[in-house]
Structure formats: C-alpha cells, structure tokens
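Observations on the model geometry
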Amino acid sequence: MSTDELTCGDAAKLLRWWLDAGVDVAIAEEPRNWLKAAGSSRGAQVAPEIAAPSPAELPADYESFRAWLETSTGLPLDHSGARRILPHGLPGARIMLLSDVPAREDAADSQPIGGEAWLLANRMLAAIKLTPDDAYSASLACFHVPGARLGDAELERCGEIARRHVALVKPERLLLFGEAPARVLLGHSLRDARGHVHKVEGVRTVATYHPRWLLQRPADKALAWRDLLLLMDEA
C-alpha cells in the first residue's frame, strides 16, 4: 500500500505518532532540499566506519546465508530450548531494522520485532513515508531464550554475522534499534551513537531507541523522530 492510499485509520495512527514525537507544525525552522543528491547531513557529524573483526567462514550469498541461519547450530544463544527467530523481509529493502535479542512478544509473532513494538515500528516507518513491505528486520541473535544475555564473545560473533548480513541484504539505509547493535556495530553506546550518521558495510546508518523502549518511555519519541529524520535526510 502506498502512502497515497492510507485509510482513515492508518492516517490516524500516523498522526498519533507525529504528535507523540512532538511534531506540532507542518514546516521546519530551516528549508530542506529534499531533491538534493544523498550525502552528509548538514549539521550532523559523519562518524568513521568501524573496522570489522576478521570474520569466520560465512556464506557469501544471501540464499546460502539465510539457509545457514535456519539450520546452523552453535550460533549465539543457540541454547537448549531456544526458539529460532529468523529475519523478516526481502533483501534489497529500502530500510533494514536491526534489533538486539528477540523478546517474548517477538517470539510469539515469530519475527525479530513483534507485538506492540512492531505496531509502533510501523508508525515510525509511515512517518518517513515507508511501509512494512519496505523494511527488512533482523536481530543480532536469532534465538529467543528467556532471561538470556549475550556475553562479550557472543557479541563479537554477532557483530561478524551482522556485518555479513547487512552486506548481503544491501539495504538503502540501516536503522539500529537499541544499545547492543550500536555497541557491536558502531563501537559506541547508544547515547554517543545517536545524532550522527554512520556507515556499516557502506550503508547509511543511524542508531535510535528500540520501539520497546519507546513504549515504556513515550517522552523519548521526540528524540527518535529526530533520528528518523537524520536517517532519511538527503541534504
């Protein structure tokens, strides 16, 4: 469904997201040239790309990589009783959403971002004129284990896998949701990574709060809105 075919309900959800994010005017304080070719955002520091660790042997094409995620044993959080949660979407997407570890509601929906968090993510996408079909969502670890945490070695391995994942999906833009993706892919805390344009495998990247966090702390939606504008800015 294109943004020109929004239903009244879809429009209401989109407006609610904008209002929650603090958008109360139809114009910005400064003009923005939306037709200018992509480049560094004015007023935004472009952080250097972090060198990736030497990756282990990983599949070299997307189909093989996807099959590897579906069947491989010994991946991070591949514990007894773990539930495997595979990526959602198609390669070549306009935007890739990368979160940390699937939560219970994600496992219930069998996708990296599920439940109320996915509904909020949809409103965030609509606010930047994208639809769920434009997005490819994935998580650092593709297993849900109640109460499990990623250790340092597992995080390093997740970083290797995530970089290969991004390189094979080839999205136009990458949005990192939460603390762990920012640390493992950008080398910074979420607090320090926010507000800057980064590059991961050559893809324009911005870090922001996970929708789960925004559901608990609605006041941060205004900050997330700025991050979305930075990600999509072409100035």
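One structure accompanies this document, and this report is about it.

Quick notes on the rules
Residues numbered from 1 in each chain as written. Predicted model: local features only at pLDDT ≥ 70, side-chain atom pairs only at ≥ 80, totals over all residues. Heavy atoms only, no water. Pairing = 2+ DSSP bridges. Helix = DSSP H or I, 4+ residues; strand = E, 2+ residues; numbered from the N terminus. Axes fitted to C-alpha atoms, helices over the stretch in contact; angles between N-to-C directions. Contact = heavy atoms within 4.5 Å. Salt bridge = Lys/Arg side-chain N within 4 Å of Asp/Glu carboxyl O. Buried < 20%, exposed > 50% of the residue type's maximum accessible area, 1.4 Å probe, protein only.

The strand order across the open sheet built from 5 strands is β3-β2-β5-β7-β6, with neighbouring strands paired in mixed fashion. Each end of this open sheet is capped by a strand with a single partner; those strands are β3 (135-139) and β6 (198-200). Neighbouring strand axes in the sheet, compared pairwise and without regard to direction, differ in orientation by 30 degrees on average. As judged from the 5 bridges shared by strand β5 (residues 173-177) and strand β7 (residues 203-208), these two strands associate in the parallel manner. Across the sheet, the residue bridging to F177 is T208, located in β7. Relative to strand β2 (residues 95-99), helix α5 (residues 152-169) is tilted by about 165 degrees, and along the sheet it contacts β2, β3, β5, β6 and β7.

Right, let's get into the pattern of salt bridges. Tallying each qualifying case throughout the model produces 8 salt bridges. Residues D106 and R212 are paired through a salt bridge, measuring 2.9 Å at the closest nitrogen-oxygen approach. Of this pair, D106 sits in helix α3 (residues 104-109) while R212 sits in helix α8 (residues 211-216), and the two are 106 residues apart along the sequence. Overall, R212 belongs to the buried group, its relative accessible area being 18%. Note that R191 and D192 form a salt bridge whose closest N and O atoms lie 3.8 Å from each other. You can call R191 exposed: its relative accessible area is 70%. We classify D192 as partly exposed; its relative accessible area is 43%. Ionic contacts of the salt-bridge type, sharing partners, join the residues D100, D106 and R212 into one network.

Positive phi is not limited to glycine here, since L77 has a value of about 70 degrees. Note on placement: L77 falls in the loop between α2 (62-71) and β1 (83-84). Phi is positive for K129, close to 65 degrees, though the residue is something other than glycine. Assignment of secondary structure puts K129 in the loop between α4 (115-127) and β3.

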